[in-house]
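Close look at the chain arrangement
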Amino acid sequence: MSYQKLSRNQIAERVAQDIPDGAYVNLGIGLPTKIASYLPSDKDVFLHSENGLLAFGPPPAAGQEDPELINAGKEYVTMLQGGSFFHHGDSFAMMRGGHLDIAVLGAFQVAANGDLANWHTGAPDAIPAVGGAMDLAVGAKQVFITTDHVTKQGEPKIVAELSYPATGLKCVDRIYTDLCVIDVTADGLKVIEKVDGLSFAELQAMTGATLVDATQG
Amino acid sequence: MIDKSAASLAEVLSQITDGSTIMIGGFGTAGQPAELIDGLIQLGIKDLTIVSNNAGNGDYGLAKLLKAGAVKKVICSFPRQSDSWVFDELYRAGKIELELVPQGNLACRIQAAGMGLGAVFTPTGYGTLLAEGKETRHIDGKDYVLEYPIKADFALIKAQQGDRWGNLVYRKSARNFGPIMAMAAGVTIAQVSEVVDLGELDPEHIITAGIFVQHVVQVQPEPVAV
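Under an unreviewed UniProt entry, the name given to chain B is 3-oxoadipate CoA-transferase subunit A, and the organism recorded is Acinetobacter johnsonii SH046. For the record of chain B, the UniProt heading Sequence similarities (unreviewed entry) holds the text "Belongs to the 3-oxoacid CoA-transferase subunit A family."

Chain A is annotated in an unreviewed UniProt entry as 3-oxoadipate CoA-transferase of Acinetobacter johnsonii. Taken from UniProt, the Sequence similarities (unreviewed entry) comment for chain A reads in full: "Belongs to the 3-oxoacid CoA-transferase subunit B family."

**Brief notes about the overall build of chain B**
Within chain B one finds 6 helices and 11 strands. Relative to the globule expectation of 17 Å for 226 residues, the C-alpha radius of gyration of chain B, 18 Å, shows essentially globular dimensions. Looking at chain B residue by residue over its 226 residues, the buried ones come to 53%. Pairs at least 24 apart in sequence give 75% of the contacts found in chain B among residues at least 6 apart.

**Remarks on the overall build of chain A**
When helices and strands are tallied, chain A shows 5 helices and 13 strands. Considering only C-alpha atoms, chain A reaches an extent of 50 × 40 × 30 Å along its principal axes. Sequence-distant contacts in chain A: of pairs separated by 6 or more residues, those separated by 24 or more amount to 61%.

**Looking at the pairing of strand 3 (residues 71–76) of chain B**
All names here are of chain B. Pairing of strand 2 (residues 48–51) with strand 3, which is carried by 4 bridges, proceeds in the parallel orientation. Among the inter-strand pairings, isoleucine 50 is bridged to a residue of strand 3, identified as valine 74. As a crossover connection, the stretch from strand 2 through helix 3 (residues 62–67) into strand 3 is right-handed. With 4 bridges connecting them, strand 3 and strand 4 (residues 97–100) associate as parallel partners.

**Let's talk about the interface of chain A and chain B**
Taken together, the 31 residues of chain A in the interface contact 39 residues of chain B. Among the elements of the structure, helix 3 (88–96) and helix 4 (133–139) of chain A are those that each provide at least two residues to the side of chain A that touches chain B. If one sorts the elements of the side of chain A that touches chain B by residue count, helix 3 of chain A sits on top with 5 residues.

**Quick look at the pairing of strand 2 of chain B**
Residue and element names in this part refer to chain B. Strand direction decides the pairing type here: strand 1 (residues 21–24) and strand 2, joined by 3 bridges, are parallel. Residue pairing for strand 2: isoleucine 22 is matched across the bridge by isoleucine 50. After leaving strand 1, the chain enters helix 2 (residues 34–43) and then returns to the sheet as strand 2, a path that is right-handed.

**Side note on the sheet that holds strand 7 (residues 116–117) of chain A**
Pairing is mixed in the open sheet, where 3 strands are placed in the order 7-6-9 (chain A). Only two strands of the sheet have a single partner each, and these edge strands are strand 7 and strand 9 (158–159) of chain A.

**Regarding the nonpolar core**
Membership of the largest hydrophobic core comes to 128 residues, with the highest contact counts inside it found for A:Ile145, B:Leu66, B:Ala155, B:Met181 and B:Ala184. Setting aside its immediate chain neighbours within four residues, A:Ile145 contacts A:Leu105, A:Ala107, A:Val110, A:Leu116, A:Val172, A:Ile175 and A:Tyr176.

**Observations concerning the sheet that holds strand 6 (residues 136–139) of chain B**
Residues and elements named next belong to chain B. On the basis of which strands lie adjacent, the open sheet formed by 3 strands has the order 5-7-6 and antiparallel pairing. In this open sheet, the two strands that pair with only one neighbour each are strand 5 (120–122) and strand 6. Between one strand axis and the next, the sheet turns by 40 degrees as a mean value, whatever way the strands run. Bridge count between strand 6 and strand 7 (residues 142–147): 4 bridges; the pairing is antiparallel. Bridged to isoleucine 139 within strand 7 is lysine 142. Together, strand 5 and strand 7 form the strand contacts of helix 5 (residues 103–115), whose direction differs from that of strand 5 by roughly 165 degrees.

**Regarding helix 5 of chain B**
For helix 5 of chain B, with 13 residues, the first-to-last C-alpha span of 18 Å sits near the 18 Å given by 1.5 Å per residue. Of all 13 residues making up helix 5 of chain B, 12 are buried, and the element is well covered by its neighbours. Within helix 5 of chain B the residues assigned to the buried category are B:Gln103, B:Gly104, B:Asn105, B:Leu106, B:Ala107, B:Cys108, B:Arg109, B:Ile110, B:Gln111, B:Ala112, B:Ala113 and B:Gly114. Looking at the buried residues of helix 5 of chain B, the elements they touch are helix 3 and helix 4 of chain A together with strand 5, strand 7 and helix 6 (178–184) of chain B. Looking one or two places after helix 5 of chain B, you find B:Gly116, whose phi comes out positive at around 75 degrees.

**A look at unusual backbone geometry**
Residues and elements named next belong to chain A. Phi angles above zero are rare outside glycine, and alanine 55 is one such case at about 65 degrees. Structurally, the position occupied by alanine 55 is in strand 3 (residues 53–57). Note on alanine 55: 17 C-beta atoms within 10 Å, which makes it partly exposed. Even without being glycine, lysine 74 reaches a positive phi, approximately 60 degrees. Locating lysine 74 in the fold gives a position in the loop between strand 3 and strand 4 (78–85). Given 21 C-beta atoms within 10 Å, lysine 74 falls into the buried group.

**A word on the confidence of the model for chain B**
Of all residues in chain B, 97% have pLDDT values of 70 or greater, and the mean over the chain is 96. Scoring of the predicted complex yields 0.96 for pTM and 0.95 for ipTM.

**As for the environment of A:Gly30**
For A:Gly30, the position within the fold is in the loop between strand 1 (24–27) and helix 2 (31–34). A tally of 12 C-beta atoms within 10 Å means that A:Gly30 is categorised as exposed.

The rules we used
Residues numbered from 1 in each chain as written. Chains lettered and ligands numbered in written order. Predicted model: local features only at pLDDT ≥ 70, side-chain atom pairs only at ≥ 80, totals over all residues. UniProt positions renumbered as here; feature names shortened; annotations may be inferred. Helix = DSSP H or I, 4+ residues; strand = E, 2+ residues; numbered from the N terminus. Rg over C-alpha atoms; globule rule 2.2 N^0.38 Å. Buried ≥ 20, exposed ≤ 12 C-beta atoms within 10 Å, placed from the backbone. Contact = placed C-beta atoms within 7 Å. Pairing = 2+ DSSP bridges. Right-handed = clockwise from strand over helix to strand, strands pointing away. Core = buried A, V, L, I, M, F, W, Y, C linked by C-beta atoms within 7 Å. Axes fitted to C-alpha atoms, helices over the stretch in contact; angles between N-to-C directions. Expected span 1.5 Å × (residues − 1). pLDDT = per-residue confidence, 0-100.

Printed below as a string of structure tokens:
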């Protein structure tokens, strides 16, 4: 039986379904940013940005861009009614202080125990940059990861132990890949959903850590 | 009568000397005090340590200061960006030192300096390369890293309006590091788009109280794209 991987937009749409009404959420740069487009309009979800925004909205119309109204990805945004500005100290208190409900981040690797690597490949010639990744990893009440299940070279990104430098330890709660959704639990990596036509054995073969089949039926 | 807005930009900057540690506000170009930075370049000083979130964008502001060879060390969270070619080249050539600090630790270390704290225990970075060799402590079931305050001789920040007592209000996401840097430097210099009369800023809306600001300089910033 054959299967179809989820597109980046489909992963974003899937994550959006798990963001409850009233949640304070930080969406990382890249794929996580796309989730905003799939949040239903009947929910109040408060998007947080490191650089001091809460309840920001979609990009402005052409010609309405304001260089002083940007998100952490340095993209132009707008403010929703009820949105607020604050300085960096308060912005990171929202994370570190455990006020932010969900952070959605990308990953180079996630380990079976929830360790996350997403800031540095460890390559000697790489210029390291960390931004707010480590703060989000340890600070948000829940950390969701969106990622391809394997690298472009076919190597597993979900691994027994990290080989890249860690961003945070035991911080990941849930992983959304282009093949499945995995809960990171004390009892192991529980696959709660997978794409149609993909067997559990095939999924396990593409994963560097032991999975538990917790799919329904 | 105290008038913190009396001196010209050049007069105010002339107190900055070789080897100073300078905080520069901004997140990317938003909130970067570009006119103050241009004035700093004119001084021709060198061996500066810069504390800022990024390490310059394009050939604008902070990037221009780096290009001028004025900076020996950058303390920041996110140097590598699509348009950080000035920093990238200096770093690869070994001509600039980098202390990489997670963004929230950068903020809380700056705040610790402004608040007179000796250090902070922060959970961010625990168990990572950026905490290697640092003291740690297990407090109430969680692991923390000991981080020391980041102080500066000067802070250069951008606000929207200021008055002659140094009270400031900011504009949108240009606020970012401004209020906390103002508290952490010996001398804080704020460039503002408008100096207003005392009493025009509503006390309920003042973000940075004048006690944290030594100089207010009115400039007409050029609009800049992200």
